[in-house]
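Residues per chain, in single letters:
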Amino acid sequence: MGPVLHDLPRSRYPVLRRPHPAARGKVDPMFRAIADVLRQIGGAIATVVTLPFRALARLFGGASSSTRSRRV
């Protein structure tokens, strides 16, 4: 038996085509603007999330550096 074919309209399953080779590397300015905004938001979130860890690293890094004295 072959594959079962459904009587669904063809527009429900759009055919995905590759972009024209001349259009390769060109990005819609609207998508680029959205990507820039999302990148800035992600950078701000990353900064806020890493602040406590940076503070702890500085605290323990300073404490551990004082114990690195050379014994004579």
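None of these values were measured; they are calculated from a predicted model. (Residues numbered from 1 in each chain as written. Predicted model: local features only at pLDDT ≥ 70, side-chain atom pairs only at ≥ 80, totals over all residues. Heavy atoms only, no water.)

Asks: What am I meant to see in the overall build of the protein here?
Replies: Counting secondary structure elements, the protein contains 1 helix and 0 strands. Accessible area of the protein: about 7700 Å², with a carbon and sulfur share of 64%. (Helix = DSSP H or I, 4+ residues; strand = E, 2+ residues; numbered from the N terminus. Areas by Shrake-Rupley, 256 points an atom, 1.4 Å probe, with all protein chains shown as cover.)

Asks: Explain the pattern of salt bridges to me, please; I cannot follow it from the model alone.
Replies: Opposite charge on two side chains lets them pair, provided their charged atoms get close. Inspection of the entire model under this criterion finds 1 salt bridge. With its nearest N and O atoms 2.7 Å apart, the salt bridge here joins R39 to D36. Remark: D36 and R39 occur in helix α1 (residues 29-66); sequence separation between them is 3 residues, near one turn of the helix. Since its relative accessible area comes to 35%, D36 is described here as partly exposed. (Salt bridge = Lys/Arg side-chain N within 4 Å of Asp/Glu carboxyl O. Buried < 20%, exposed > 50% of the residue type's maximum accessible area, 1.4 Å probe, protein only.)

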